[in-house]
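Single-letter residue listing:
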Amino acid sequence: MKIAIIELHGHLECLNSLCKIFEHSSFRIDIYTTSGIYSELRHYSYSRQFRWNVKPQKMSVKKFLTLSKTALNNYDILFFTTMEIETGYSPYTDIGQKPATILRIHNINSWFNRIHNIRLYVTPHDLFKDFSYLIRVFFGKADWFHKARILRSISFFTFPTNQMTQFAKTNHLVNSGKLIAPIPVSVFDPEYHKPLEKEHITFTIPGKVDKRRRDYYLILRVLKNILKKSNKGIKLIFLGKATNNYAKDVIKQFKKLSVDYSTFEFQYFTARVPQTQFEDIIKKTDLFISPINIQTKYKLYREIYGQTKLSGIESDIIRYGKPAILPRAYRVDEDIQDLIDFYSNEEELSAILKEYIHTDLLSRKTSMAKIILENYSPEKLLPEIEKVFLSLVNQ
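Criteria and cut-off values
- Residues numbered from 1 in each chain as written.
- Predicted model: local features only at pLDDT ≥ 70, side-chain atom pairs only at ≥ 80, totals over all residues.
- Heavy atoms only, no water.
- Helix = DSSP H or I, 4+ residues; strand = E, 2+ residues; numbered from the N terminus.
- Rg over C-alpha atoms; globule rule 2.2 N^0.38 Å.
- Buried < 20%, exposed > 50% of the residue type's maximum accessible area, 1.4 Å probe, protein only.
- Contact = heavy atoms within 4.5 Å.
- Pairing = 2+ DSSP bridges.
- Axes fitted to C-alpha atoms, helices over the stretch in contact; angles between N-to-C directions.
- Core = buried A, V, L, I, M, F, W, Y, C linked by side-chain atoms within 4.5 Å.

Counting its regular elements, the protein contains 16 helices and 14 strands. Taken over C-alpha atoms, the radius of gyration comes to 22 Å for the protein, in line with the 21 Å a tight globule of 395 residues would show. Expressed as lengths along the three principal axes of its C-alpha atoms, the size of the protein is roughly 65 × 50 × 40 Å. Burial analysis of the protein (395 residues in total) assigns 55% to the buried set. By sequence separation, contacts in the protein at least 24 residues apart represent 73% of the contacts at least 6 residues apart.

Structure below.
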């Protein structure tokens, strides 16, 4: 079987995970991607297992796909790992109908339920961005027309999680005959296991510091109360860019906390964290905390983390095998729930953090990770995905 995996929108980890899964596949796998992604992945040994078709940096997606049209029509399956809203839609529908096409959806409402989920922010800056998007993309690039064509032309849809798949089914957003089993965006990598330190615990909050994404002041209030009564060393890391005014104020408050309590250490970044440094910090992390705001927005549309949209924290839990603390409203797949503690309010979050700091909870959770995440190993995922792909071609 010949399969083309197509990732032309900068989502390196989405493609990296698929490379790990298909490294030992008996299928022929060809990859169509950008020069930027290829330059980062070509150094891995598994990259030699695939044939790479690389879009030059200055070439448009439309031109690249048009030039590749003949070759793409000779595959059994075309798997689009992502498809961005803003980039020339027409080439995707002009490839042809010979291969079965699969599109993995990352934002359900933005694709399938837009009219009922339009959300406009009321600040001048955000209104300008929203109306700019309407003019440039929705009308200027006829987004509404091309997206409808894509939804009609794609053979099958998949989602990263069972929760998202179930949401689409329950709300009758996708024809069940066009829906296939979830294909995750991350695979478990056991190399990030960290020996525990008895006198010190490191909490990390991954992602850009943004008040719309997470409630950092909740963490501040909880840590203030814990530090008053604890002698254990605690380190908190904001693992993402922190430059806006909200971020500056949050950082100021946490830096003050590190001055007031010698047992507390705080680290943050004012620029994008390079991937190598990001992964080095992850290796030193004991526990993820994500005080995520469940209701979010993608472009013009409301999304719900855990139901219509995947948060990066869920991918981080799976890839790095670290325990995590999340709001109770965040829905995760059943097979990773034992790695996560959920809170409904400030008191519950405080109680959970105290248990991690003062008991062997962290040790117990960490030791369970490899067993819990077995279903996300490349060895387990490969035969399952190959079986699905074979069934699509044989229909």
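From this point, the discussion proceeds with the structure in view.
Examined against the element boundaries, Lys365 turns out to sit in helix α15 (residues 361-372). A residue is classified by how much of its surface remains accessible, and Lys365, at 10% relative accessible area, is buried. Non-local contacts of Lys365, meaning those with residues more than four positions away in its chain, are made with Pro323, Asp338, Leu339, Ile340, Asp341 and Tyr356.

This part takes up the environment of Leu236. With respect to the helices and strands, Leu236 occurs in strand β8 (residues 233-241). The spacing of Leu236 and Asp249 is 13 residues in sequence and 16 Å in space, taken between C-alpha atoms. Setting aside anything within four residues of it in sequence, one finds Leu236 in contact with Phe203, Ile205, Ile219, Leu223, Phe254, Phe264, Glu265, Phe266 and Gln267.

Before going further, it helps to spend a moment on the sheet that holds β8. An order of β9-β8-β7-β10-β13-β14 is seen for the 6 strands of this open sheet, with the pairing classed as parallel. Strand pairing shows two members of the sheet lacking a second neighbour, β9 (264-269) and β14 (340-343), which therefore form its edges. Neighbour-to-neighbour, the strand axes of this sheet turn through a mean angle of 25°, independent of strand direction. Bridge count between strand β10 (residues 287-289) and strand β13 (residues 324-327): 2 bridges; the pairing is parallel. The residue bridging Ile289 from the neighbouring strand is Ile325, located in β13. On the sheet, helix α12 (residues 275-283) packs against β7 (200-206), β8, β9 and β10 and is oriented at approximately 155° with respect to β8. This element, helix α13 (residues 312-320), spans β7, β10, β13 and β14 of the sheet and lies at about 175° to β10.

Of all hydrophobic cores here, the largest spans 61 residues; its most connected members are Leu103, Phe112 and Phe159. For this core, the leading source of residues is α13, giving 4 residues. In contact with Phe112, not counting residues within four places along its chain, are Ile105, Leu151, Phe157, Phe159, Leu173 and Val174.

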